[in-house]
Amino acid sequence: MLIATDAAELVKEKPSNPVIGRMLANLRRGNAHLILESVEEAIEGNWYIQVLLRDDNTYQLEFRDGVAAEHYQTRTISQEKVLTALLGWAAGRTDWRSDFMWNNIGSEFAD
């Protein structure tokens, strides 16, 4: 199941594309973030994509594919590209990654 959560702790289960778009558009600079998480009891690990709107008006986008070693980060100024990535991830596509240069930051989360 897909769950969306924002900095105001608004939680939406199975959010539609318009809901995800509104949640992204409502982010404000500072500690504003949006997390889309895939939660399946039968699947181990953490599967999510998250975005933070930073104080410099850039979007820090991260995703994790199950384990810490598969945690990636990028930054962009384009809210449109972030929305495309969020919706692509939520739909289970893989092409959403191609608009960015990703850095593996998994070592930051190693035990």
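Residues numbered from 1 in each chain as written. Predicted model: local features only at pLDDT ≥ 70, side-chain atom pairs only at ≥ 80, totals over all residues. Heavy atoms only, no water.

A. Quick peek at the packing of aromatic side chains. Taken as a whole and assessed by the stated rule, the structure comprises five aromatic pairs. The interplanar angle of 80 degrees and the centroid separation of 5.0 Å between the aromatic rings of Phe-63 and Trp-96 together place this pair among those described as edge-to-face. Here the residue Phe-63 occupies a position in strand E5 (residues 59-66), and Trp-96 occupies one in the loop between helix H2 (79-90) and strand E7 (103-104), the gap between them amounting to 33 residues. Residue Phe-63 is classed as buried on the basis of its relative accessible area of 2%. The class for Trp-96 is buried, based on a relative accessible area of 3%. Pairing Phe-100 with Trp-102 gives two aromatic rings, centres 5.4 Å apart and planes at 65 degrees, and the pair type is edge-to-face. Taken together, Phe-63, Tyr-72, Trp-96, Phe-100 and Trp-102 form an aromatic cluster joined through their ring pairs. (Phe/Tyr/Trp six-rings, centres within 6.5 Å; stacked < 30°, edge-to-face > 60°. Helix = DSSP H or I, 4+ residues; strand = E, 2+ residues; numbered from the N terminus. Buried < 20%, exposed > 50% of the residue type's maximum accessible area, 1.4 Å probe, protein only.)

B. Quick peek at the pairing of strand E3 (residues 32-38). Judged from the five bridges that link them, strand E1 (residues 2-6) and E3 form a sheet pairing that is antiparallel. Bridge assignment links Thr-5 to a residue of E3, and that residue is Ile-35. In this structure, E3 lies alongside strand E4 (residues 46-53), joined through seven bridges in antiparallel fashion. Bridged to Ser-38 within E4 is Trp-47. (Pairing = 2+ DSSP bridges.)

C. Examining the side chain of Thr-76 more closely. Inspection of the secondary structure assignment puts Thr-76 in strand E6 (residues 71-76). Among the polar contacts made by the side chain of Thr-76, one reaches the main-chain amide nitrogen of Ser-78 at a distance of 3.1 Å. When residues no more than four places from it in sequence are discounted, the contact partners of Thr-76 are Thr-58, Tyr-59, Lys-81, Val-82 and Phe-100. (Polar contact = N/O pair within 3.5 Å; in protein donor to acceptor, adjacent residues only side chain to side chain. Contact = heavy atoms within 4.5 Å.)

D. Representation of the pattern of salt bridges in the model. Applying the stated criterion across every chain, the model contains three salt bridges. Notably, a salt bridge pairs Arg-75 with Asp-56, separated by 2.8 Å at the nearest N-O pair. In this pair, Arg-75 is assigned in strand E6 and Asp-56 in the loop between E4 and E5, connecting sequence segments 19 residues apart. Looking at Arg-75, the relative accessible area reads 41%, which means it is partly exposed. Residues Asp-95 and Arg-93 are paired through a salt bridge, measuring 3.0 Å at the closest nitrogen-oxygen approach. (Salt bridge = Lys/Arg side-chain N within 4 Å of Asp/Glu carboxyl O.)

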